[in-house]
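Each chain is listed here by its residues.
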Amino acid sequence: MNSVTAISAPQLIGCLVNFTLYGVLFVQIYIYRLNFPSDNVYVKLLVYFIFIFETAQTCMNGADIYRWFSAGFGDVSEFAKPGLSPIYTPMMGSITALIVQLFFCYRIWVVKKSYWYLPCIIGMISFAQAIAGFIGGVLALLQQDVAKRFDDTAVVYVWLVGDTTADTLIAIAMTVILTKLNSGRYRQTNDVIAKIVRLTIETNATSAGIALLGLVLFAGSKNTEYFITPTFVLGKIYANTLLVSFNNRLSFKIPHILMPTLITPVPPQAPTHLTFHLSLPDHLFLPQLE
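First, a word on what this report is: a plain description of the structure on this page.

The rules behind these values
- Residues numbered from 1 in each chain as written.
- Predicted model: local features only at pLDDT ≥ 70, side-chain atom pairs only at ≥ 80, totals over all residues.
- Heavy atoms only, no water.
- Phe/Tyr/Trp six-rings, centres within 6.5 Å; stacked < 30°, edge-to-face > 60°.
- Helix = DSSP H or I, 4+ residues; strand = E, 2+ residues; numbered from the N terminus.
- Buried < 20%, exposed > 50% of the residue type's maximum accessible area, 1.4 Å probe, protein only.
- Lys NZ or Arg CZ within 6 Å of the ring centre and 35° of its normal.
- Contact = heavy atoms within 4.5 Å.
- Patch = residues over 30% accessible without salt bridge, like charges linked within 9 Å, V, L, I, M, F, W, Y side chains within 5 Å.
- Areas by Shrake-Rupley, 256 points an atom, 1.4 Å probe, with all protein chains shown as cover.
- Salt bridge = Lys/Arg side-chain N within 4 Å of Asp/Glu carboxyl O.
- Expected span 1.5 Å × (residues − 1).
- Axes fitted to C-alpha atoms, helices over the stretch in contact; angles between N-to-C directions.
- Parallel < 35°, antiparallel > 145°, perpendicular 65-115°, else oblique.
- Left-handed = near helix turned anticlockwise from the far one by under 90°.
- Nonpolar A, V, L, I, M, F, W, Y, C, P; charged D, E, K, R; others polar.

### A word on the packing of aromatic side chains
Move 1: Tallying each qualifying case throughout the model produces 16 aromatic pairs.
Move 2: Centre to centre, the rings of Tyr 157 and Phe 218 are 5.6 Å apart; their planes meet at 85°, and the pair counts as edge-to-face. Here Tyr 157, found in helix H6 (residues 153–180), pairs with Phe 218, found in helix H7 (residues 187–220); they are 61 residues apart in sequence, far enough to count as distant.
Move 3: By relative accessible area, which is 28% here, Tyr 157 ends up partly exposed.
Move 4: On the basis of relative accessibility, which here comes to 0%, the residue Phe 218 falls in the buried class.
Move 5: Each member of the aromatic cluster is reached from another via a ring pair, and the members are Tyr 32, Phe 36, Tyr 48, Phe 103, Phe 104 and Phe 246.
Move 6: Across from the ring centre of Tyr 115, 5.9 Å away, lies the NZ or CZ of Lys 112, which sits over that ring.
Move 7: Directly above the aromatic system of Trp 109 lies the positively charged group of Lys 113, at a separation of 4.7 Å from the ring centroid.

### Some points on the environment of Val 244
Move 1: For Val 244, the position within the fold is in helix H8 (residues 228–247).
Move 2: Under the relative-accessibility criterion, Val 244 is labelled partly exposed at 25%.
Move 3: Residues contacting Val 244, with those up to four places away along its chain left out, are Gln 28, Leu 199 and Thr 203.

### Describing a nonpolar patch on the surface
Move 1: Together, Trp 109, Trp 116, Tyr 117, Ile 121, Met 124 and Leu 169 line one region of the surface with nonpolar side chains, adding up to about 620 Å² of accessible area.
Move 2: Residue classification places Tyr 117 among the partly exposed positions, given a relative accessible area of 39%.

### With respect to helix H5 (residues 117–143)
Move 1: For H5, which comprises 27 residues, the first-to-last C-alpha distance of 39 Å matches the rise-based estimate of 39 Å (1.5 Å per residue) to within 8%.
Move 2: For H5, the set of buried residues is Pro 119, Ile 122, Gly 123, Ser 126, Gln 129, Ala 130, Ala 132, Gly 133, Gly 136, Gly 137 and Ala 140.
Move 3: Here the buried face of H5 lies against helix H4 (85–111) and H6.

### Describing the pattern of salt bridges
Where charged atoms of side chains with opposite charge meet at close range, the side chains can pair.
Move 1: One pass over the full model with this rule turns up 3 salt bridges.
Move 2: Asp 39 is paired through a salt bridge with Arg 249; the nearest N and O atoms lie 2.8 Å apart. Of this pair, Asp 39 sits in the loop between helix H1 (3–35) and helix H2 (41–71) while Arg 249 sits in the loop between H8 and strand E1 (259–261); the two residues are 210 residues apart in sequence, bridging distant segments of the chain.
Move 3: Since its relative accessible area comes to 12%, Asp 39 is described here as buried.
Move 4: Classification of Arg 249 as buried rests on a relative accessible area of 13%.

### Side note on the packing of H4 against H6
Move 1: Two elements in contact, H4 and H6, have axes separated by 11 Å at closest approach and are oriented at 20°. Regarding the angle of H4 to H6, the classification is roughly parallel. The way H4 lies across H6 gives a crossing that is left-handed. Across from Thr 89, Pro 90, Ser 94, Ala 97, Gln 101, Phe 104, Arg 107, Ile 108 and Val 111 in H4, the residues of H6 making contact are Trp 159, Asp 163, Ala 166, Asp 167, Ile 170, Ala 173, Met 174 and Ile 177.
Move 2: By residue class, the composition of the contact of H4 with H6 is 11 nonpolar, 3 polar and 3 charged.

The structure is reproduced here in structure tokens:
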């Protein structure tokens, strides 16, 4: 693979996947807007801020695509200029990761306040990766030379290792906590909790896997730009993780099933039946930010 292809191919693939995930995020926002108009105002602010933030990121990515593959087409030196990518990849991507990870920290704290130390540890790791990503973006922006990206390996390692570690801890913590809520008494309730556990593992494992892939490519393929592809899309992965977590409540719009109750006596002429109610706390799906 020649030098031009080695630089341009990861950029092109990363941009294409980034735009694809933006389309997925747009659909997620549309679903959220239609189905949860009565959500807490702070939750709405969080959702729409993430969407606007990622829209700005996509626009900056589009400007770089135009410069790399249109206006600067044929000029090999253009591919060596990162342009705006230090802003929308490590800087904005790490901020999105921080916001989403802190949301899950809040969720852990709400569900199990006695485990307060877990969200504190995860929050500190998340802040560390955000600071490292921001510093790395500033340095890359000042250098404006992709050949010098490996001069700042420490901040890249802290950024990507921090992402991977925080997401892994979130998945483990939420799985343990939610599993302990499994009463073992009502099958329907246990099924609901199992679905939440599965979603938590899947979403956090995806973001951790993408960050780990970027780390492996960065550390294992020195002096190449292959790590650009996964790091380009990290922000979108986190944004979609947040929206999937909210929109997944659609699958739980079923009759409540936790406590079998018979609120009023059944008239003799009416057929006898039991009504089941699901009293699972709302913060399993959506913490009430107040």
